[in-house]
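Coordinate inspection notes
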Amino acid sequence: MAFSVAFSTSLYTSQTCLLSSEKSNNLFLKTCSLFPSQTRKKLLFQPLRYNGFSTERSSCVGIVKAIQFENWFKNVEVFTKEHVAVLLAHDIAQHSNRFIRERGAFTVVLSGGSLIKYLRKLVELPHAESIDWSKWHVFWVDERVVPKDHLESNYKLAYDGFLSKVPIPPVNIYSIDDALEADGAADVYETTLRRLVKNGVIATSPNGFPKFDLMLLGMGQDGHVASLFPRHSLLKEDQKWVSFIKDSPKPPSDRITLTFPVINSSSNIAMVVTGAGKNNAVFSALRGDEKSDKLPVGLVSSEGEIKWYLDIGAASKLFKD
Ligand SMILES: O=C1O[C@H](COP(=O)(O)O)[C@@H](O)[C@H](O)[C@H]1O
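Along each chain, residues carry numbers from 1 onward, in the same order as the chain's sequence is written. Only residues with pLDDT of at least 70 are given local features in this predicted model, and only at 80 or more are side-chain atom pairs given and counted; all residues enter the totals for whole chains, interfaces and linings.

UniProt positions are given in the numbering used here, feature names are shortened, and annotations may be inferred rather than shown by experiment. Feature annotation in UniProt assigns "domain: Glucosamine/galactosamine-6-phosphate isomerase" (unreviewed entry) to the following positions: residues 81–308. Strand forms 17% of residues 81–308 and helix 29%; the C-alpha atoms that close the span are 13 Å apart. Elements are defined by DSSP. Helices are runs of H or I of four residues or more, strands are runs of E of two residues or more, and each kind is numbered from the N terminus.

Okay, the sheet that holds strand 11 (residues 255–258) next. The pairing criterion for strands is at least two bridges between them, as found by DSSP. Across the sheet, which stays open at both edges, the three strands sit in the order 6-11-10 with antiparallel pairing between neighbours. Edge positions in the open sheet fall to strand 6 (142–144) and strand 10 (242–245), since each of these has one partner strand only. Neighbour-to-neighbour, the strand axes of this sheet turn through a mean angle of 20 degrees, independent of strand direction. Distance between backbone-placed C-beta atoms decides contact: two residues are in contact if it is within 7 Å. Under this scheme, a helix contributes an axis fitted over its contacting stretch, all axes are lines through C-alpha atoms, and angles between N-to-C directions fall in the 0 to 180 degree range. Against the sheet, helix 7 (residues 182–198) contacts strand 10 and strand 11, and its axis sits at roughly 165 degrees relative to strand 10.

Counted residue by residue, strand 12 (residues 268–273) has six buried out of six residues, so it is predominantly covered. Working definition of burial: number of other C-beta atoms within 10 Å of the residue's own, with buried at 20 or more, exposed at 12 or fewer, and partly exposed in between, all C-beta atoms being placed from the backbone. The alternating pattern of strand 12 places Asn268, Ala270 and Val272 on one face and Ile269, Met271 and Val273 on the opposite face, and all of these are buried. With the strands pointing away from the viewer, any crossover whose connection runs clockwise from the first strand over the helix to the second is right-handed. In this fold, strand 12 hands off to helix 9 (residues 279–287), which returns the chain to strand 13 (residues 305–311); that crossover is right-handed.

Under the convention used throughout, the expected extent of a helix is 1.5 Å for every residue step, that is, one less than its residue count. A rise of 1.5 Å per residue sets the reference length of helix 4 (residues 81–103), with its 23 residues, at 33 Å; its end C-alpha atoms lie 32 Å apart and thus fit the reference within 8%. Listed as buried for helix 4 are His83, Val84, Ala85, Leu87, Leu88, Ala89, Ile92, Ser96 and Phe99. Phi turns positive, to about 75 degrees, at Gly104, one or two residues after helix 4.

This next bit is on the pairing of strand 10. Residue alternation in strand 10 divides its side chains into two sets, Val242 and Phe244 and Ser243 and Ile245, and both sets are buried. Here strand 10 pairs with strand 11 via four bridges, running antiparallel. Residue Ile245 lies in a different strand from strand 11, and its bridge partner there is Arg255.

Here the focus is the site of the ligand. Every residue lining the ligand is accounted for by Ser111, Gly112, Gly113, Ser114, Leu115, Asp142, Asn154, Gly218, Met219, Gly220, Ser227 and Lys250. In the scheme used here, Gly and all other residues not listed as nonpolar or charged are polar, with Ala, Val, Leu, Ile, Met, Phe, Trp, Tyr, Cys and Pro taken as nonpolar and Asp, Glu, Lys and Arg as charged. Each residue belonging to the shell around the ligand can be placed in one class, and the counts come to two nonpolar, eight polar and two charged. We call a residue near a molecule or strand when its C-beta atom, built from the backbone, sits within 6 Å of it.

Pairing between the strands of a sheet is mediated by backbone hydrogen bonds and can be parallel or antiparallel. Sheet architecture is open: six strands sit in the order 3-13-12-9-4-5, paired in parallel fashion. Two strands bound the open sheet, and with one partner strand each, they are strand 3 (76–79) and strand 5 (136–140). Geometrically, the sheet is characterised by an average inter-axis angle of 20 degrees between neighbouring strands, direction not taken into account. Here strand 4 (residues 106–110) runs beside strand 5; their pairing, made up of five bridges, is parallel. Opposite Val109, over in strand 5, you have Phe139 as the bridge partner.

Time to look at the confidence of the model for the chain. Summary of the metric used: pLDDT quantifies the predictor's per-residue confidence within the range 0 to 100. Of all residues in the chain, 77% have pLDDT values of 70 or greater, and the mean over the chain is 82. Taken together, the stretch residues 1–47 has pLDDT below 50 and engages in 67 contacts with residues farther than four places along the chain or on a different chain. Every residue in residues 50–67 is under pLDDT 50, and counting partners more than four places away or in other chains gives 40 contacts. Scoring of the predicted complex yields 0.82 for pTM and 0.99 for ipTM.

It is worth spelling out unusual backbone geometry at this point. Pro126 follows Leu125 through a cis peptide bond whose omega is 5 degrees. Looking along the chain, the bond that leaves Pro251 and enters Pro252 is cis, with omega of -5 degrees. By the element assignment, Pro252 lies in the loop between strand 10 and strand 11. Notably, Ala226 is not glycine yet its phi reads approximately 50 degrees, a positive angle.

Let's shift gears to the nonpolar core. As used throughout, a nonpolar core is a set of buried Ala, Val, Leu, Ile, Met, Phe, Trp, Tyr and Cys residues joined through C-beta atoms within 7 Å of each other. Core analysis: the biggest nonpolar cluster contains 77 residues, and Leu88, Leu216, Leu217, Val272 and Tyr309 have the highest contact counts within it. The leading source of residues in this core is helix 4, at seven residues. For Leu217, the contacting residues outside a window of four places in its chain are Ser111, Val141, Val225, Ile269, Ala270, Met271, Val272 and Val300.

Here helix 9 has its buried residues at Asn279, Ala281, Val282, Ala285 and Leu286. Seen along its axis, helix 9 keeps its buried residues to an arc of 160 degrees; they face one direction. Directions are taken from the helix axis to each C-beta atom, and the arc is the one they span.

Shown next, in the form of structure tokens:
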């Protein structure tokens, strides 16, 4: 089956080179002569992962360079938008199975924005029926302080596009109290998290912060994640688990957000980023040379694993020499 091959990246080595392009939503891959012919066929369904090959030339850049890039871009997968949704669903289902088996619960943190549409395959077969939704606990990495039925609400977005389609017990869905102002809503959300850490639903990191099983992060064009915006003082928060912002540069102005120590304590972080407008921030974050408050996504790290799910637009700067 095509997809069972797509999910295996084990055939990929730094000696492989791919030429990729997307045309009319179809995937076109050209392989360079480094592939043995029997491998070539299988790789037609491989993700368009970057391996040091220029799309602008028809030859491979040096192997040394390929290896260097391979190190930079470990855990980076590049797909068509459709395949981002397919692979993300597959990986989430695997995380869910593993954590439910190991600890009897699965704690997953949602972002707002474009992320939600990439959960669309999770509500389809086989995942819709194979996942034990009763063990899911759902949180938000950030939320806009608006009523839950407001168009800007991250809860509404998630409910309409995902939560309304799967049988997660409503008591396991931890939305913010929309009757409160930003500061009160942040305090109450932190109190809820502390209760769930205490009773073991959420695991604890060695540094005392909550350790979510999976954090699904989006990223804005300016490199913001959650409601942690460039050059904002909130980026330095190192005590609170949940904080608030009343001057968000992206409307609406009032929001609550998990802080970096909590985000970075997660067992797994999935960075789901699509669109060519985000290619500069993706490039700087992956190159790892921008660890300042100018680029919040560059401050994301994980006690466990970070995996990037990019479409060709978001990855387009990675393909340049
Ligand atoms: O405002 C927000 O923006 C980011 C990025 O959104 P996207 O639509 O560009 O993917 C999102 O991750 C965050 O949760 C949201 O509140």
